Amino acid sequence: MIEVQRGDGPIVLGLPHTGTDVPEAIMQDLNETGRALADTDWHIHQLYDGVLDGVTSVRTPWHRYVIDANRDPGGQSLYPGQNTTGLCPVTDFDGHPIYHEGQEPDASEIEVRRAKYHAPYHAALHAEMDRIKTLHGYAILYDCHSIRGHIPFLFEGQLPDFNIGTNLGTTCDARIAEVTERICAAAQGYSSVTNGRFKGGWTTRYYGRPEDGFHAIQMELSQSTYLTEECAPWAYDTAKANQLRRHLTDILTRIATVIPTGDLT
């Protein structure tokens, strides 16, 4: 069941990777590495809960190993030539197999999962974006993500704390990106980058049509900004999270008004 919380503001929070539910039949096919579910966007729905009044959120409870709701349903790579994971991942972010040998999903199984788990999430997201645009004349999708800050299989070195993605400026009004960048750059003790390793996933690219009044921006947070440490048991650090939440509230508050007012200050 897709979890939708409706608000009357212009922002929709997308939460495609916070779920940890795995159907038993799929869980039995996963090996020990897969069953650890390490590539979860741990506690991101908790981090964003209550940061802005009137916000709408759409969350899938299913883990990304069941289906990655932020991947092209046709299976096309978001980052050609770079290591990544697919619509139904068969490796984790470190490149290690997550299935028992021979139990990986085939094309027919992937299609079943797409229809059962991927399509309902995006049907709900579509509906909320359309509802919000009807209310305001525009809608802003803020796609919420997090990841370990050091994963050599996916990227070199240490990931910045705030990773803003707009697919090179194509998915939202430039003022939305500018306000977000400004707040992140001014956040003391945090690092930030725009369109670095993460330029916005399929969701951001698909929904971001600023010429039609649909804006989308992705925020990929380094998990060190709000977890005690980036390893099991993936504990939520309340002190870290509360400090980070102040900046997230600032970002969402500002981008909620930038389209009608044009105010960048």
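The preceding data block contains the structure.
Calculation rules
- Residues numbered from 1 in each chain as written.
- Predicted model: local features only at pLDDT ≥ 70, side-chain atom pairs only at ≥ 80, totals over all residues.
- Heavy atoms only, no water.
- Helix = DSSP H or I, 4+ residues; strand = E, 2+ residues; numbered from the N terminus.
- Rg over C-alpha atoms; globule rule 2.2 N^0.38 Å.
- Buried < 20%, exposed > 50% of the residue type's maximum accessible area, 1.4 Å probe, protein only.
- Contact = heavy atoms within 4.5 Å.
- Lys, Arg positive; Asp, Glu negative; His and termini not counted.
- Charge placed at Lys NZ, Arg CZ, Asp CG, Glu CD.
- Polar contact = N/O pair within 3.5 Å; in protein donor to acceptor, adjacent residues only side chain to side chain.
- 1 Å grid on protein atoms, 1.4 Å probe; cavity = no way out; pocket = protein on both sides within 12 Å on 5 of 7 lines; lining within 4 Å.
- Points joined across faces, edges and corners; volume = space filled by probe spheres on them.
- Nonpolar A, V, L, I, M, F, W, Y, C, P; charged D, E, K, R; others polar.
- Pairing = 2+ DSSP bridges.
- Axes fitted to C-alpha atoms, helices over the stretch in contact; angles between N-to-C directions.
- Phe/Tyr/Trp six-rings, centres within 6.5 Å; stacked < 30°, edge-to-face > 60°.
- Lys NZ or Arg CZ within 6 Å of the ring centre and 35° of its normal.

S.K.: Before we move on, can you summarise the overall build of the protein chain with the specific residues and values?
M.R.: The secondary structure content of the protein chain amounts to eight helices and seven strands. A globule of 265 residues ought to have a C-alpha radius of gyration of about 18 Å, and the protein chain, at 18 Å, matches this closely. Counting every position in the protein chain, which comprises 265 residues, the buried fraction comes to 52%. Relative to all contacts within the protein chain whose residues are 6 or more apart in sequence, the contacts with residues 24 or more apart total 78%. A distance of 4 Å separates the average location of the 21 positive side-chain charges in the protein chain from that of its 35 negative side-chain charges.

S.K.: How would you explain the side chain of Thr171 if you had to name every residue and give the values?
M.R.: Inspection of the secondary structure puts Thr171 in the loop between β5 (162–165) and α5 (174–186). Owing to a relative accessible area of 1%, Thr171 belongs among the buried residues under this scheme. A polar contact is formed between the side chain of Thr171 and the backbone oxygen of Thr166, at a distance of 3.2 Å. A polar atom in the side chain of Thr171 sits 2.6 Å from the backbone oxygen of Ala216. The residues touching Thr171, leaving out its near neighbours within four places in the chain, are Gly165, Thr166, Thr204, Arg205, Gly208, Arg209, Pro210, Phe214, His215 and Ala216.

S.K.: Lay out the layout of surface pockets in plain terms, naming residues and giving numbers.
M.R.: Computed from the structure, the largest pocket encloses a volume of approximately 260 Å³. Lining the largest pocket we find 14 residues, and of these Gln5, Leu15, His45, Asp49 and Ser57 sit closest to its centre. Of all the secondary-structure elements, those providing two or more residues to the lining of the largest pocket are β1 (3–5), β2 (11–15), α3 (44–48) and β3 (56–59). Looking at the lining of the largest pocket residue by residue, the class counts come to six nonpolar, five polar and three charged.

S.K.: Please provide a residue-by-residue account of the sheet that holds β1, values included.
M.R.: Backbone hydrogen bonds hold the strands of a sheet together, and the pairing may be parallel or antiparallel. Spatial strand order, β1-β3-β2-β4-β7-β5-β6: seven strands in an open sheet with mixed pairing. Both edges of this open sheet fall to β1 and β6 (192–194), since each of them pairs with a single strand only. For this sheet, the mean angle separating the axes of adjacent strands, direction not counted, is 15°. The sheet contact formed by β5 and strand β7 (residues 214–222) spans four bridges and is antiparallel. In the strand pairing of β7, Asn163 is matched with Glu220. Seen against the sheet, α5 touches β4 (139–147), β5, β6 and β7 and runs at an angle of roughly 20° to β7. Each of β2, β4, β5 and β7 is contacted by helix α7 (residues 238–255), which is oriented at about 160° to β4, the strand it contacts most.

S.K.: Mind laying out the environment of Ser192, listing which residues take part and the relevant values?
M.R.: The residue Ser192 is located in strand β6 in this model. Distance in space between the C-alpha atoms of Ser192 and Glu181 is 7.8 Å, their sequence separation being 11 residues. In this structure, Ser192 is in contact with Pro160, Phe162, Cys184 and Ala185, ignoring residues within four places of it in sequence.

S.K.: Residue-level account of the packing of aromatic side chains, with values.
M.R.: Counting across every chain of the model gives eight aromatic pairs. For the ring pair Trp202 and Tyr206, a centre distance of 4.6 Å and an interplane angle of 15° mean the geometry is stacked. In this pair, Trp202 and Tyr206 both sit in helix α6 (residues 202–207), four residues apart, roughly one turn of the helix. Of the residues examined, Trp202 reaches a relative accessible area of 13% and is grouped as buried. Take Tyr206: its relative accessible area is 37%, and that puts it in the partly exposed class. These aromatic residues form a ring-pair network of at least three members: Trp202, Tyr206 and Tyr207. The lysine or arginine in question, Arg197, covers the ring of Phe198, its NZ or CZ lying 5.3 Å from the ring centre.

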